[in-house]
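These are the residues of each chain, in order.
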Amino acid sequence: MITTFSDAFLDATEYHAAWGAQQLELIGEAVPTGPWTASLDECRYESGGRTLRVGLLGSYDTDEQTWLWGWANPGLRGSAVVAAGERIAEFGRRHGVAELEQEGVDLAGFTDPRRAAEALAFLGSAVLGAPGYIGQEAGPGTRVYFVPQDPQLQPAGFDPVTMPRHLLTGAQLFARSPRRVVEGWFALHGIPAQEEADRTTAQLPGGSTAVVSFDGLGRISGVDVGPLSA
């Protein structure tokens, strides 16, 4: 029985961790909580008076403790609501991440299967470059995850003010390799960065410089943004 994710999955998740944390913060502010409805045929999600075009990312069976990717759902194969999910499977094949390329994942052996399901939704939405994901209880024993695919809700862009918080949040999600988290943060925002023994230095838009320092254990010890370059 599988009791943890593969190294390839965890490596990919950490690469997307800080960026993904930023997107979850965005969607938490943009999409109202409370009663909701969805039409899979119309790729539509509604909550609190807001309507979004969405895709079905996947579903989690809370009784069986199994995850099923939307693209692998027998009743939805080939439909518009799961079309984008094929890119998740392709990413899995390209990077050797079995959890992304196989149709489903048995989470019963995990200490916290529900948290493991959230991790799958997290990485799936990040691979799609989406502004987060929406998880909802869809009935007894079933939790569904939608991914926004709507022009009115774009992914959050780079923000030097919130950067320290997102980097630290991302580094705490799986607590394996803060350097990988920092590497992914800058790369996914399209910002050139240079790695050194105890720091990562990046040239930010506008000419300023960001320095992310690491302590002797590889943990983030500081995030500093310097003045505009001459």
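Structure report, in brief. Worth saying up front: this structure is predicted, and the values here are computed from it rather than measured.

## Overview of the side chain of Thr-201
- The residue Thr-201 is located in strand E9 (residues 199-203) in this model.
- With sequence-adjacent residues up to four places away left out, Thr-201 is seen in contact with Pro-192, Ala-193, Gln-194, Glu-196, Thr-209, Ala-210 and Val-211.

## Looking at the packing of helix H1 (residues 7-30) against helix H4 (residues 113-127)
- Between H1 and H4, whose axes approach to 9 Å, the crossing angle comes to 75°. With respect to H4, the element H1 is oriented roughly perpendicular. Contact residues: H1 offers Phe-9, Ala-12, Thr-13, His-16, Ala-17, Trp-19, Gly-20, Ala-21 and Leu-24, while H4 offers Ala-119, Leu-120, Phe-122, Leu-123, Ala-126 and Val-127.
- Partitioning the contact of H1 with H4 into residue classes produces twelve nonpolar, three polar and no charged.

## A closer look at the sheet that holds strand E10 (residues 209-214)
- The sheet built from four strands is open, its strands ordered E8-E9-E10-E11 with antiparallel pairing. In this open sheet, the two strands that pair with only one neighbour each are strand E8 (193-195) and strand E11 (220-225). Adjacent strand axes in the sheet meet at a mean angle of 15°, parallel and antiparallel pairs treated alike.
- Of the strand pairs in this sheet, E9 and E10 are connected by five bridges, and their pairing is antiparallel. Looking at the pairing, Ala-202 lines up with Ala-210 of E10.
- Its contacts with the sheet put helix H5 (residues 163-174) on E10 and E11, and the angle it makes with E11 is roughly 160°.
- Here helix H6 (residues 178-188) sits on the sheet in contact with E8, E9, E10 and E11, set at roughly 165° to E10.

## Here's the deal with the environment of Thr-209
- In this structure, Thr-209 sits in strand E10.
- Counting along the chain gives 91 residues from Thr-209 to Glu-118, while the straight-line C-alpha distance between them is 34 Å.
- Each residue touching Thr-209, except ones within four places of it in the same chain, is listed here: Thr-201, Ala-202, Gln-203, Leu-204, Asp-224, Val-225, Gly-226 and Pro-227.
- Of note is the side chain of Thr-209, whose polar atom sits 3.3 Å from the side chain of Gln-203.

## Here we look at the pattern of salt bridges
- What the rule picks out here adds up to 15 salt bridges.
- Arg-165 serves as the salt-bridge partner of Glu-25, at 2.6 Å between the closest nitrogen and oxygen. In this pair, Glu-25 is assigned in helix H1 and Arg-165 in helix H5, connecting sequence segments 140 residues apart.
- Judged by relative accessible area, which is 30%, Glu-25 ranks as partly exposed.
- Take Arg-165: its relative accessible area is 39%, and that puts it in the partly exposed class.
- Among the salt bridges present, the one from Arg-94 reaches Glu-90, with a minimum N-O distance of 3.6 Å. You can see Arg-94 and its partner Glu-90 sitting in helix H2 (residues 86-95), four residues apart, about one turn around the helix.
- On the accessibility criterion, Arg-94 (52% relative accessible area) is exposed.

## Examining H4
- A rise of 1.5 Å per residue sets the reference length of H4, with its 15 residues, at 21 Å; its end C-alpha atoms lie 21 Å apart and thus fit the reference within 8%.
- Downstream of H4 by one or two residues, Gly-129 has phi in the positive range, about 70°.

## With respect to the packing of aromatic side chains
- Within this structure, the stated rule accounts for nine aromatic pairs.
- Taking the centre distance of 4.8 Å and the plane angle of 55° together, the rings of Phe-5 and Phe-110 count as tilted. Linking Phe-5 in the segment before H1 with Phe-110 in the loop between strand E5 (104-106) and H4, this pair joins segments that are 105 residues apart in sequence. Like Phe-5, the residue Phe-110 is buried in the burial classification.
- Relative to Tyr-145, the ring of Tyr-133 lies with its centre 5.8 Å away and its plane at 55°, an arrangement referred to as tilted. Placement of the pair is Tyr-133 in the loop between H4 and strand E6 (134-139) and Tyr-145 in strand E7 (residues 142-148), with a sequence separation of twelve residues. Here Tyr-133 matches Tyr-145 in class, with each residue buried.
- Members of the aromatic cluster, connected to one another through ring pairs, are Trp-67, Trp-69, Tyr-133 and Tyr-145.
- Its guanidinium or amino end placed over the ring of Phe-174, Arg-115 lies 5.8 Å from that ring's centre, counting from NZ or CZ.
- Geometry around Phe-214 places Arg-179 over its ring, the cationic atom sitting 4.3 Å from the centre.

Conventions used here
- Along each chain, the written sequence defines residue order, and numbers are assigned to residues from 1.
- Given that this is a predicted model, residues contribute local features only at a pLDDT of at least 70 and side-chain atom pairs are listed and counted only at 80 or more, while totals for whole chains, interfaces and linings are drawn from all residues.
- Each side-chain value is worked out from all heavy atoms of the structure, with water and hydrogens disregarded.
- Under the scheme used here, helices are H or I runs from DSSP no shorter than 4 residues and strands are E runs no shorter than 2 residues, and both carry numbers assigned from the N terminus.
- Here a residue-residue contact requires only that any non-hydrogen atoms of the pair lie within 4.5 Å.
- To obtain an axis, a line is fitted to C-alpha atoms, over the contacting stretch when the element is a helix, and the angle between two such axes runs from 0 to 180 degrees between their N-to-C directions.
- Any angle that is under 35 degrees is reported as roughly parallel, and any over 145 degrees as roughly antiparallel; angles of 65 to 115 degrees are reported as roughly perpendicular and all others as oblique.
- Gly is placed with the polar residues, together with every amino acid not listed as nonpolar (Ala, Val, Leu, Ile, Met, Phe, Trp, Tyr, Cys and Pro) or charged (Asp, Glu, Lys and Arg).
- Pairing between strands is defined by DSSP: at least two bridges between them are needed.
- A 3.5 Å cut-off defines polar contacts: any pair of N or O atoms within that distance qualifies, except that in protein one atom must be a possible hydrogen donor and the other a possible acceptor, and neighbouring residues in sequence count only when both atoms are side-chain atoms.
- Here a salt bridge means any side-chain nitrogen of Lys or Arg lying within 4 Å of a carboxyl oxygen belonging to Asp or Glu.
- The classification of residues rests on relative accessible area computed with a 1.4 Å probe and restricted to protein chains. Under 20% of the type maximum is buried, over 50% is exposed, and intermediate values are partly exposed.
- The span one expects for a helix is its residue count, reduced by one, times 1.5 Å.
- Only Phe, Tyr and Trp rings are paired, with Trp represented by its six-membered ring, and only when their centres lie within 6.5 Å; those with planes under 30 degrees apart are stacked, over 60 edge-to-face, the remainder tilted.
- Any Lys NZ or Arg CZ found within 6 Å of a ring centre and within 35 degrees of that ring's normal is scored as a charge over the ring.

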